[in-house]
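Structural overview for review
Chain by chain, the residues run as shown.
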Amino acid sequence: MQEIVSSLQIPQSEPYVKYAIAVDWGMLSVYLIVLLIALTAYSAKRSPTKANNVALVIPSVADEKVRDSLIMSLNHNRFLNIPIYVVIDEGAPLEGYLKSLNWINVVVVPKDYRRDLFGKGRALRYFVENYVRPDMWYVFLDDDNLVLDDSFLYEIPYYERRGFVAFNPVLMPRRGRSYLTFIMDFTRFLDDISFFRLFTGLVKRPYVGLHGELLGVKGSFLLKSNAFNVPSRVEDYMFAAEVLRLGGRTWQSRTRVSILSPNSVKDFIRQRSRWHAGILESWKRVPNSMKLMTFIKSFLRTVGIVGLWVLVPLTHSLLLLLLAAPTSAAYWFVYIYGVRRAGKLRYLLAVPAFWMLEGFGFIYGILKLRSRDFVVIDKSI
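Report on the accompanying structure.

Reading the values: the criteria
Residues numbered from 1 in each chain as written. Predicted model: local features only at pLDDT ≥ 70, side-chain atom pairs only at ≥ 80, totals over all residues. Heavy atoms only, no water. Helix = DSSP H or I, 4+ residues; strand = E, 2+ residues; numbered from the N terminus. Buried < 20%, exposed > 50% of the residue type's maximum accessible area, 1.4 Å probe, protein only. Contact = heavy atoms within 4.5 Å. Areas by Shrake-Rupley, 256 points an atom, 1.4 Å probe, with all protein chains shown as cover. Core = buried A, V, L, I, M, F, W, Y, C linked by side-chain atoms within 4.5 Å. Pairing = 2+ DSSP bridges. Expected span 1.5 Å × (residues − 1).

1. Brief notes about the overall build of the protein
If you tally the helices and strands in the protein, you get 14 helices and eight strands. For the protein, the proportion of its 381 residues judged to be buried stands at 53%. For the protein, the share of sequence-separated contacts (at least 6 apart) that also reach a separation of at least 24 residues comes to 80%. Summed over all atoms, the accessible surface of the protein reaches about 17300 Å², with 59% contributed by carbon and sulfur.

Given below as structure tokens:
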């Protein structure tokens, strides 16, 4: 028995180990504290009346890759009963079809407009320069998004009276052709109800960024901030930096938005690589406070995901279990929730490998630094 106990003890010859364990468990405490505070201390406020100064803006490449999801998004989001703008490049394959829909407004970005900009940011900049009115709220929506409720329309009057300038929703994954990427996308839901809710909602400052799905912004602030005027593959992250610089206040809406998960692991890696590369490229241009919070959030996420494997009986080492298990607990929980939503229990066996797929996205993103390619993944249904 003594031999068994001795084999489980932490080697005293390595005193740094106890500090590593303390840091790791401390990080778990930070994550759980953030999650607990965000869930219990914050909820968005509503007014009794609905806003009537709101428009949806959907930038899209408008080609066959996104035809199905774009049409579904347009038809679904009509229930909001607010004006819809679709912003496309001149000569886009679906330009003729979109112009035949008399219930949407098609904005065509000329081929020779601001070639220094690229991707979605170029379309958004053209819209800001030519269509934005100071008294309106513009809600930017990706072309696969389905808004699940209209709570944000009741929140806008409340927060507008108090000088707030922007908001984000809570994201809920929707399965495309891949169960695997659908399950992995639930980390975005976890991020939203923890760090994004804490900062965007409770603290009222987007220290970890904003995302482009249902990004609502007051028109006057879009003009004041000269929004989307800098080349970037993460235009929403850069916009969050401008909100911080100008002292703008934000909230997290009760509204949930259904996002289409990538149709393949390859597209999942390409999507993540764009995010990682874009943030790294923009690093020098964001406030130090945003750098710090982004680093802490990314560090916790990385340690948690890399630690997934230790909960599988591949090792007898108590030391490794103590070091990595705590920060992986939250991710096991959210992935199990994703597996349950997918209804495919066999995918539990794949969870330990998710850290590799997330890692491939980061590595591929580093390889793509300074590239002007704006990744558009397959969104066919």
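That shown, we press on.
2. Side note on the nonpolar core
A general trend in soluble globular proteins is that nonpolar side chains are found buried together. Val-54, Leu-74, Leu-98, Phe-152 and Trp-251 are the most contacted members of the largest nonpolar core, which has 35 residues in total. Elements with a contribution of two residues or more to this core: β1 (54–59), α3 (67–76), β2 (84–89), β4 (137–140), α6 (151–161), β6 (166–174) and β8 (250–260). In terms of residue count, the dominant contributor to this core is α6 (five residues). Ignoring sequence-local partners within four residues, the contact set of Phe-152 consists of Val-54, Leu-80, Val-139, Val-147, Phe-167, Leu-214, Ser-253 and Thr-255. Counting residues in hydrophobic clusters, the runner-up holds 34 residues, among them Val-132, Ala-166, Leu-215 and Val-217.

3. Focus: the sheet that holds β4
Read from one edge of the open sheet, eight strands run β3-β2-β1-β4-β7-β6-β8-β5, paired in mixed fashion. Either end of the sheet is taken by a strand with one partner, and the two such strands are β3 (105–109) and β5 (146–147). Relative to β4, β1 runs parallel, the two sharing four bridges. Among the inter-strand pairings, Val-57 is bridged to a residue of β4, identified as Phe-140.

4. Topic: helix α11 (residues 265–282)
For α11, which comprises 18 residues, the first-to-last C-alpha distance of 26 Å matches the rise-based estimate of 26 Å (1.5 Å per residue) to within 8%. What α11 keeps buried is the set Asp-267, Phe-268, Ile-269, Gln-271, Arg-272, Ser-273, Arg-274, Ala-277, Gly-278, Glu-281 and Ser-282.

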